[in-house]
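# Report on the structure
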Amino acid sequence: QVQLVESGGGLVQPGGSLRLSCAASAGFIMYRMGWYRQPPGKARELVATISSGDSTNYADSVKGRFTISRDNAKRTVYLQMNSLKPEDTAIYYCYYKRLSTSTEYWGQGTQVTVSS
């Protein structure tokens with residue numbers, strides 16, 4: 001079982017920045033970890049993920065603005081979000097997938113609100 005603890009959400013003005021963090025209670029050798037989000041009234045969608053092999057993928061809507069990174073020693077993944085827009089407003093969920101078994105884990109979610 002992997003528990004995920006998120007932090008870093010909040011209220012920010014358009015054009016501002018936030019950094020989200022997600023720490024995993026345990027880890028596996030081969031995994032993919034990252035972030036999804038659910039805007040108000042919409043379905044959950046991919047934001048960005050990074051694998052144990054350092055491959056990354058991003059939603060087109062955040063490319064060039066968001067950067068995902070990880071610290072293996074801390075079992076933590078970070079999402080640096082720059083040039084935030086009102087449409088980035090959502091609950092952001094941390095995601096962890098154990099690749100050998102395809103088992104998925106989700107965090108509780110952290111609210112990001114972009115508004116003036």
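Before going into details, it helps to say that this report is about the structure given with it. Here the structure is a predicted model, which is why all the values come from computation and not from measurement.

Moving on: the sheet that holds strand S3 (residues 18-24). With antiparallel pairing, four strands are arranged side by side in an open sheet as S1-S3-S8-S7. If you trace the sheet from one side to the other, it starts and ends with strand S1 (4-7) and strand S7 (66-71), each paired once. Within this sheet the neighbouring strands show an average axis-to-axis angle of 15 degrees, counted without direction. Here S1 pairs with S3 via four bridges, running antiparallel. Its bridge partner being in S3, Glu6 is matched across the sheet by Cys22.

Turning next to the pairing of S3. Taking burial as the measure, the seven residues of S3 include five buried ones, the bulk of the element. One ladder, built from six bridges, connects S3 with strand S8 (residues 76-81); its direction is antiparallel. Directly across from Ser21, in S8, lies its bridge partner Tyr78.

Positionally, Lys85 belongs in the loop between S8 and strand S9 (90-98). C-alpha of Lys85 to C-alpha of Arg44: the two residues are 41 residues apart in sequence and 18 Å apart in space.

Definitions and cut-offs
All chains use their own residue numbering, which begins from 1 and follows the written sequence. Whole-chain, interface and lining totals are the exception, using all residues; otherwise, since this is a predicted model, local features are given only for residues with pLDDT of at least 70 and side-chain atom pairs are given and counted only at 80 or more. Computation of side-chain values covers all heavy atoms of the structure but excludes hydrogens and water. Note on pairing: two strands pair once DSSP finds at least 2 bridges between them. A run of H or I in DSSP counts as a helix once it spans at least four residues, and a run of E counts as a strand once it spans at least two, with each numbered from the N terminus. All axes are obtained by fitting lines to C-alpha atoms, using only the stretch in contact for helices, and the reported angles, taken between N-to-C directions, cover 0 to 180 degrees. Only protein chains enter the accessibility calculation, which uses a 1.4 Å probe; a residue is then buried when its area is under 20% of its type maximum, exposed when over 50%, and partly exposed in between.

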